[in-house]
Amino acid sequence: MFNSYTFYSQNTTNYKSHAASGNSTVFIKEPVSFLIPVAPSSITDALQLSLEERIEKSIFVLSADCGTGKSIAVSKKLAKCKAKGSYGKGVIIFVNSFDEVDTYVLAAGLEKEDYAIQTGAEPYAGYGSGRHKASEVPVLFASHAKARRVFKEVGSFGLAECFYYRGKPRALRVWDEALPPVETASFALADVMALPSQYKALPHDHRHTLFWLAVEMQRASAGAAIEIPAELQEIADAVLKVGFKASDTAKQTLHALAKLSGSKAYLQGSVGSDTSLIGTGKPLPVDIAPLIVLDASARLTGRYDDWSPYGMVVRPLPPIAVSYCNLTVHCWNRGAGKTQMRKPEERNTVFRAIADLINGAAGERFLIVMAKEFCGLDDDRAVLPNSLADMIDDLSRVAITNWGRHVGINSFRDIPNVIIVGDYSYDETAYDALALGVSGNTKGIISRVERSAQKDAEFISNLYQAVCRSSVRNVSGAECGRANAYLIMAEGDHRRSLIERAFPDCSMKAWEPVPQAKQRKADKILALVVSMIEDRALAMTLPFVSFSEVIKASEAKSRSYLTKIVGSSRFKSKLAEQQITIRGRQFVRCSSGAFTA
């Protein structure tokens, strides 16, 4: 909550607090010749005080649900500035996607001479007055990625000349969507070891850096902090520019390393599991404050709880909440993650259920959200996969987007039905890295509680954003738009409570387009193993469960009974889906792959 503040005017006469007795304060009128920073009481105040450079140098977070007008509030302020013919010392808005720029431009009534986008990417570089006049226009847009990159290079907001307005840093700074204090990454040691051979065509000094890093990581022991050379960013840029051919894993690993360039990675490992690394990149510069953050899912995460490890203060603006009494959530308790969907028979079952739902709702429009891997692609944008499209009678009623593009899109706000295929989940070590970034931890050790909390936060934040691409975001008064959300995913232990927290007052119904098969004995053993491993998954400890422990906790009467079950190819396949393998007489959780955020 906000501390108590005294609000001052911009006149040369002000009131200064001199004495306090109990809860009473004596104010004496005295002349001053400077402006005293104050704390805003609303988003409107925050915008105005920023333009006047009278705002406290903090990170101000507006937690306002989707559709409550966060960007509209900013646009209205820009429109007033345009009407007055003055934007003060300039405005910069950091966006997640350049698709969002049009929303601001149209709502604020900006003309070409009012704005530009700081990017070299076409066609956006030519928007407004064009990138070549970026320092001359009062309103500048830049991507989150561009901001992170520039701040890493120059070290501060004040030195980021590409964001200047008439030779000076801009006064009003807005960050649209979520703002973690640092970027995070996780990746497997084995994948780092493979980089030198994957990028043989790189210059000798670049390959030498990759080789040196691989050797250093291999020599390190669990818990060690390893410096990531700053030139990793240059190497990643060279690979991107030239277009080197390499595996997806190699590209992802190099990208993850680049996020941590000039910073540290922490080696994680345990008996019987793969060794992995987690780390955080350079934090945001302290002088980016004052900054106004517009984050619809801020209430669902802990990312703004404490930024003191990064030398910054976060102040919440009064939140704007919505009742989701007009939303019905239909839950099909069926796994639809990447591992399951890669199986043709499983994918066909899910697609058939989706098609039947759409075909049975004549005249209704639907939005589908699923992993990019299972979408068709048209110029890198998702389209319906052919196998699903062939099952649907009227394709004009169906739109699709993929996970990763499920944030900040207004294009589907008139669609009343949204189908969510699977959840947007990461590798276990990715949650460790995210927890590391949120906490400001400098030891690289993450507890089970921290990991679990981050896992829940990412699950519900992503689900909330995906559902809110639909007509849910058409808020009227304090109620969401009328909509149906169809979730195809395993329920998990407490996902229902998370969904109810994300969508207060919503209705929840079971949805079973395909009758559930009777659970086999092997499935019961699998569920038990997964549950026991998750309970044991303390960071930096041993994520495994012995056969004897499983026998004792299950219906299995003997070792031979369990051995017969776990020896089947079906059971081993199911274990692999959960990233669990059998080593000796133990079930062991493994991890691999690279992740950045």
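Residues numbered from 1 in each chain as written. Predicted model: local features only at pLDDT ≥ 70, side-chain atom pairs only at ≥ 80, totals over all residues. Heavy atoms only, no water.

(A) Main features of helix 19 (residues 569–577). Taken together, the buried positions of helix 19 are Phe571, Leu575 and Glu577. Projection of helix 19 onto a plane perpendicular to its axis shows the buried side chains occupying an angular sector of 155 degrees, all on one side. For helix 19, the N-terminal capping position is held by Ser568, with its side-chain oxygen 3.2 Å away from the main-chain nitrogen of Phe571. (Buried < 20%, exposed > 50% of the residue type's maximum accessible area, 1.4 Å probe, protein only. Helix = DSSP H or I, 4+ residues; strand = E, 2+ residues; numbered from the N terminus. Arc of directions from axis to C-beta. Polar contact = N/O pair within 3.5 Å; in protein donor to acceptor, adjacent residues only side chain to side chain.)

(B) Expanded view of the sheet that holds strand 24 (residues 586–589). One open sheet accounts for three strands, arranged 22-24-23; its pairing is antiparallel. Whereas interior strands pair on both sides, the edge strands pair on one side only; in this sheet they are strand 22 (544–546) and strand 23 (580–583). For this sheet, the mean angle separating the axes of adjacent strands, direction not counted, is 25 degrees. Two elements, strand 23 and strand 24, share four bridges in a ladder whose sense is antiparallel. If you follow Ile582 over to strand 24, its bridge partner there is Phe587. (Pairing = 2+ DSSP bridges. Axes fitted to C-alpha atoms, helices over the stretch in contact; angles between N-to-C directions.)

(C) Layout of the packing of aromatic side chains. Taken as a whole and judged by the stated rule, the model has 21 aromatic pairs. Geometrically, the ring pair formed by Phe94 and Phe151 is edge-to-face, given 6.3 Å between the ring centres and 70 degrees between the ring planes. Within this pair, whereas Phe94 is found in strand 4 (residues 91–95), its partner Phe151 is found in helix 4 (residues 144–154), the two being separated by 57 residues in sequence. Among the residues examined, Phe94 registers a relative accessible area of 0% and is labelled buried. Residue classification places Phe151 among the buried residues on the basis of a relative accessible area of 6%. On the numbers, 5.9 Å between centres and 45 degrees between planes, the contact of Tyr104 with Phe141 is tilted. Here Phe141 lies in strand 6 (residues 139–143) and Tyr104 lies in helix 3 (residues 101–108), a separation of 37 residues in the sequence. Exposure class is identical for Tyr104 and Phe141. Each is buried. Above the ring of Tyr464, the side-chain terminus of Arg299 is found at 5.4 Å from the ring centroid. (Phe/Tyr/Trp six-rings, centres within 6.5 Å; stacked < 30°, edge-to-face > 60°. Lys NZ or Arg CZ within 6 Å of the ring centre and 35° of its normal.)

(D) Seen up close, the nonpolar core. Judged by nonpolar contacts, the single largest core of 66 residues is most densely connected at Leu327, Ile354, Ile368, Ile419, Ile420, Val421 and Phe503. The greatest single-element share of this core, amounting to seven residues, is contributed by helix 11 (residues 344–359). Residues in contact with Phe503, not counting those within four places in the same chain, are Tyr324, Leu327, Leu463, Tyr464, Val467 and Cys468. Judged by nonpolar contacts, the second largest core, of 34 residues, contains Ala46, Val74, Tyr115 and Phe141. (Core = buried A, V, L, I, M, F, W, Y, C linked by side-chain atoms within 4.5 Å. Contact = heavy atoms within 4.5 Å.)

(E) Focus on the pattern of salt bridges. Taken as a whole and assessed by the stated rule, the structure comprises 21 salt bridges. Measuring nitrogen to oxygen at the nearest pair gives 3.1 Å for the salt bridge that ties Arg315 to Glu56. Of the two residues, Arg315 sits in strand 13 (residues 314–316) while Glu56 sits in the loop between helix 1 (43–51) and strand 3 (59–62), which places them 259 residues apart along the sequence. An identical accessibility class is assigned to Arg315 and Glu56; each is buried. Between Asp114 and Lys82 there is a salt bridge, and its shortest N-O distance comes to 2.9 Å. A residue pair is termed long-range when its members are at least 10 positions apart, and Asp114 in the loop between helix 3 and strand 5 (115–117) and Lys82 in helix 2 (residues 70–84) qualify at 32 residues. What makes Lys82 partly exposed here is its relative accessible area of 26%. (Salt bridge = Lys/Arg side-chain N within 4 Å of Asp/Glu carboxyl O.)

Remember that the coordinates give geometry; whether it matters functionally is a separate question.
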